[in-house]
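Residue-level listing of the chains:
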Amino acid sequence: MNFPSTTITWPVDIALALNYVRGEDRNDFTALLRFDRTLATTVSGARDPALAQLRLAWWRTQLDAPVAGSDGYEAVVMFGAKLMPLIDGWERLLSPLPLDEAVLQDYANGRGATIFALLGGHAATGAGWALADFARHCTDTETRSRARRMADTALSLRLSGQPKPLRVMARLARAEAITRWTLVRAALG
């Protein structure tokens, strides 16, 4: 199934990973990451957590009967109810800051583990990638530090056996998490 291409400016880790996606897998890969981007925009752009929850609830209803033309339509058609944990993971970020480890782990398992598992990778590595990606965008210092520590631990596992695009995403996320966390620890003495 081919869907129209929409121009998206991807973060470096995803843009580089897309270069390693085989042609027959490209639609699944990009549709899933576009849907993830749609959920990210829903959560990060929300002024009111209750409104974001309503939008996420709408996406849950779409898993059974998608509306053609919606931003995440392609992924919903391809993956259906398998996307539920991804929506749940993003919803965890609507909790008040600072986020504790349990909330961050729920988010990472819902978002990263689901994405990586649906694309043939290891769930634990996906969780680490999600934590590193979240830390890159988080403005709350305490939560960001916690997410980086958790990402560093999760991404210290061996990456062999992952499809190459997911390995690239995980390695770049780990490099960034380690570099920033090392600089923070060095600064703190």
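How each quantity is defined
Residues numbered from 1 in each chain as written. Predicted model: local features only at pLDDT ≥ 70, side-chain atom pairs only at ≥ 80, totals over all residues. Heavy atoms only, no water. Helix = DSSP H or I, 4+ residues; strand = E, 2+ residues; numbered from the N terminus. Buried < 20%, exposed > 50% of the residue type's maximum accessible area, 1.4 Å probe, protein only. Contact = heavy atoms within 4.5 Å. Areas by Shrake-Rupley, 256 points an atom, 1.4 Å probe, with all protein chains shown as cover. Phe/Tyr/Trp six-rings, centres within 6.5 Å; stacked < 30°, edge-to-face > 60°. Polar contact = N/O pair within 3.5 Å; in protein donor to acceptor, adjacent residues only side chain to side chain. Salt bridge = Lys/Arg side-chain N within 4 Å of Asp/Glu carboxyl O. pLDDT = per-residue confidence, 0-100.

*Asks:* Go over the overall build of the protein, please, and point to the residues and values.
*Replies:* Looking only at helices and strands, the protein features nine helices and zero strands. Walking the protein from its N terminus toward its C terminus, one meets helices and strands in the order α-α-α-α-α-α-α-α-α. The buried share of the protein, reckoned over its 189 residues, is 46%. Contacts in the protein between residues at least 24 apart in sequence constitute 64% of all its contacts with a sequence separation of at least 6. Summed over all atoms, the accessible surface of the protein reaches about 9500 Å², with 54% contributed by carbon and sulfur.

*Asks:* Just give me the short version of the environment of Ala151, but keep the residues and values in it.
*Replies:* Secondary-structure assignment places Ala151 in helix α8 (residues 141-154). When the C-alpha positions of Ala151 and Ala130 are compared, they lie 7.9 Å apart, and in sequence the two are 21 residues distant.

*Asks:* How would you summarise the packing of aromatic side chains if you had to cite specific residues and measurements?
*Replies:* Tallying each qualifying case throughout the model produces five aromatic pairs. With a centroid separation of 5.0 Å and 85 degrees between ring planes, the pair formed by Phe35 and Trp59 is classed as edge-to-face. With Phe35 in helix α2 (residues 23-44) and Trp59 in helix α3 (residues 49-62), this pair connects stretches of sequence that are 24 residues apart. You can call Phe35 buried: its relative accessible area is 0%. Ring centres of Trp58 and Trp59 lie 4.9 Å apart, and the angle between their planes is 75 degrees; this geometry places the pair in the edge-to-face category. When its relative accessible area of 36% is taken as the criterion, Trp58 is described as partly exposed. Judged by relative accessible area, which is 5%, Trp59 ranks as buried. Through pairs of rings, three or more aromatic residues link up here, namely Phe35, Trp58 and Trp59.

*Asks:* Account for the environment of Arg92, naming residues and giving values.
*Replies:* For Arg92, the position within the fold is in helix α5 (residues 84-92). With 14 residues separating them along the chain, Arg92 and Asp106 place their C-alpha atoms 6.9 Å apart. Setting aside chain neighbours within four positions, we find Arg92 in contact with Val103, Asp106 and Tyr107. For Arg92, the side chain forms a polar contact with the side chain of Asp106, separated by 3.2 Å.

*Asks:* Which residues make up the pattern of salt bridges, and what are the values?
*Replies:* Side chains that differ in sign of charge can pair as their charged atoms come close. Taken as a whole, this structure holds ten salt bridges when the rule is applied. In this structure, Asp36 and Arg111 form a salt bridge, with 2.7 Å as the shortest nitrogen-oxygen distance. Of this pair, Asp36 sits in helix α2 while Arg111 sits in helix α6 (residues 101-118), and the two are 75 residues apart along the sequence. Residue classification places Arg111 among the buried residues on the basis of a relative accessible area of 3%. Between Asp106 and Arg92 there is a salt bridge, and its shortest N-O distance comes to 3.2 Å.

*Asks:* Could you give an account of the confidence of the model for the protein, naming the residues involved and the relevant values?
*Replies:* For the protein, the mean per-residue pLDDT works out to 86, and 86% of the residues sit at or above 70. Between residues 1-5, whose pLDDT stays under 50, and residues either more than four places distant or in other chains, the model counts twelve contacts.

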